[in-house]
Amino acid sequence: MFEIQTQRLTIRDMLVSDAELFVGLLQDKEYQRFYSEADCRPEHYRHLAQLFIAQSQESPRKAYQLAITCKTSGEFIGIVCLRLELEHQASLGFGLKTCYQGKAIMREAVRAILEFAFTTLGVHRVYAETISKNLPAVKLCLALGMRQEACFVHHRYFKQQWWDTVVLAMREDEWKKRSLR
């Protein structure tokens, strides 16, 4: 099983026992405000959990869809995802239980997955795409040194409105410069 340890977290492959915890995490109304109704159905998340577990067995591995657990209690508190793409690119995604937000936990988890991407996997560029109004995600990416590369105006339509999306990214050389500070 793949695993990264940080000061407070264990970031690991998802287990079958994580599936309903994953579904519960994503049923939070705060989380769902940036996703379409179709994407928020519990059966959709159950299917994704099974997919993530299956992807962890692939060789070569193309995705790291990981559970974030509290190191001391073992509680499932979130997810962080790194999906490998062509030409040494990767996309990033993450989500955290509301009660753990504001404690720099996601910053710790994303920093760990970026370190893994750039130093172990040899990824050249990592990017994240999110709804522009998802300010916590945008702020986290910027705080970690990612820069906004694009804003797509009225790019997604759900919840009876158009949403702008932003793309934030960082290259390996930018990560290394930040790591040396």
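Structure first, text after, so check above.
Criteria and cut-off values
Residues numbered from 1 in each chain as written. Predicted model: local features only at pLDDT ≥ 70, side-chain atom pairs only at ≥ 80, totals over all residues. Heavy atoms only, no water. 1 Å grid on protein atoms, 1.4 Å probe; cavity = no way out; pocket = protein on both sides within 12 Å on 5 of 7 lines; lining within 4 Å. Points joined across faces, edges and corners; volume = space filled by probe spheres on them. Nonpolar A, V, L, I, M, F, W, Y, C, P; charged D, E, K, R; others polar. Pairing = 2+ DSSP bridges. Helix = DSSP H or I, 4+ residues; strand = E, 2+ residues; numbered from the N terminus. Axes fitted to C-alpha atoms, helices over the stretch in contact; angles between N-to-C directions. Phe/Tyr/Trp six-rings, centres within 6.5 Å; stacked < 30°, edge-to-face > 60°. Buried < 20%, exposed > 50% of the residue type's maximum accessible area, 1.4 Å probe, protein only. Lys NZ or Arg CZ within 6 Å of the ring centre and 35° of its normal. Core = buried A, V, L, I, M, F, W, Y, C linked by side-chain atoms within 4.5 Å. Contact = heavy atoms within 4.5 Å.

Trainee: In this structure, what is going on with the layout of surface pockets? I would like to understand it.
Mentor: Take a probe with the size of a water molecule and roll it over the atoms, and the empty space left behind shows itself. Taken as a whole, the largest pocket holds about 1,400 Å³ of empty space. Along the wall of the largest pocket there are 49 residues; nearest its centre are Tyr31, Tyr35, Phe94, Thr130 and Asn134. Partitioned by chemical class, the residues of the lining of the largest pocket number 26 nonpolar, 13 polar and ten charged.

Trainee: What is the right way to look at the sheet that holds strand S5 (residues 89–96) in this model?
Mentor: Through backbone hydrogen bonds, the strands of a sheet pair up, either in parallel or in antiparallel fashion. Pairing is mixed across the open sheet formed by eight strands, whose spatial order is S1-S2-S3-S4-S5-S6-S8-S7. Single-partner strands in this sheet number two, and they are strand S1 (3–5) and strand S7 (147–158). Shown here is a sheet whose adjacent strand axes are inclined to one another by a mean of 25°, direction ignored. When strand S2 (residues 9–13) meets strand S3 (residues 63–70), the two strands line up antiparallel, connected through five bridges. Within S3, the position partnered with threonine 10 by the bridge is threonine 69.

Trainee: Please clarify how the packing of aromatic side chains should be interpreted in this entry.
Mentor: Both the distance between ring centres and the angle between the ring planes are used here to describe each pair of aromatic rings. Evaluated as defined, the whole model comprises eight aromatic pairs. For the pair phenylalanine 2 and phenylalanine 116, a centre-to-centre distance of 4.8 Å together with 55° between the ring planes defines the contact as tilted. Note that phenylalanine 2 is positioned in the segment before S1 and phenylalanine 116 in helix H4 (residues 105–120), a separation of 114 residues in sequence. Each of the two residues, phenylalanine 2 as well as phenylalanine 116, counts as buried. What makes phenylalanine 116 buried here is its relative accessible area of 11%. Among the aromatic residues, those joined into a cluster by ring pairs are Phe2, Tyr64 and Phe116. When the ring centre of tyrosine 100 is taken as origin, the NZ or CZ atom of lysine 103, which lies over that ring, is 5.6 Å away.

Trainee: I tried to follow the pairing of S7 on my own but got confused; where do I start?
Mentor: Both faces of the sheet carry side chains from a regular strand, because those side chains alternate between them. Strand direction decides the pairing type here: S7 and strand S8 (residues 161–171), joined by eight bridges, are antiparallel. The residue of S8 that forms the bridge with arginine 156 is tryptophan 163. Once S7 ends, the chain turns through two residues before running back antiparallel as S8, passing lysine 159 with a positive phi of about 55°.

Trainee: What exactly am I supposed to notice about the nonpolar core here?
Mentor: Within soluble globular proteins, side chains that are nonpolar generally end up buried alongside one another. With 38 residues, the main nonpolar core has Val80, Leu92, Phe94, Val110 and Val126 as its most contacted residues. Elements supplying a minimum of two residues to this core: S2, S3, strand S4 (76–84), S5, H4, strand S6 (125–131), helix H5 (135–143) and S8. Once you skip the residues sitting within four places of it in the chain, valine 80 turns out to touch Ile11, Tyr64, Gln65, Leu66, Ile68, Leu92, Gly93, Phe94, Val110 and Ile113. Grouped together as the second largest cluster of nonpolar side chains are 17 residues, Tyr31, Tyr45, Leu48 and Cys81 included.

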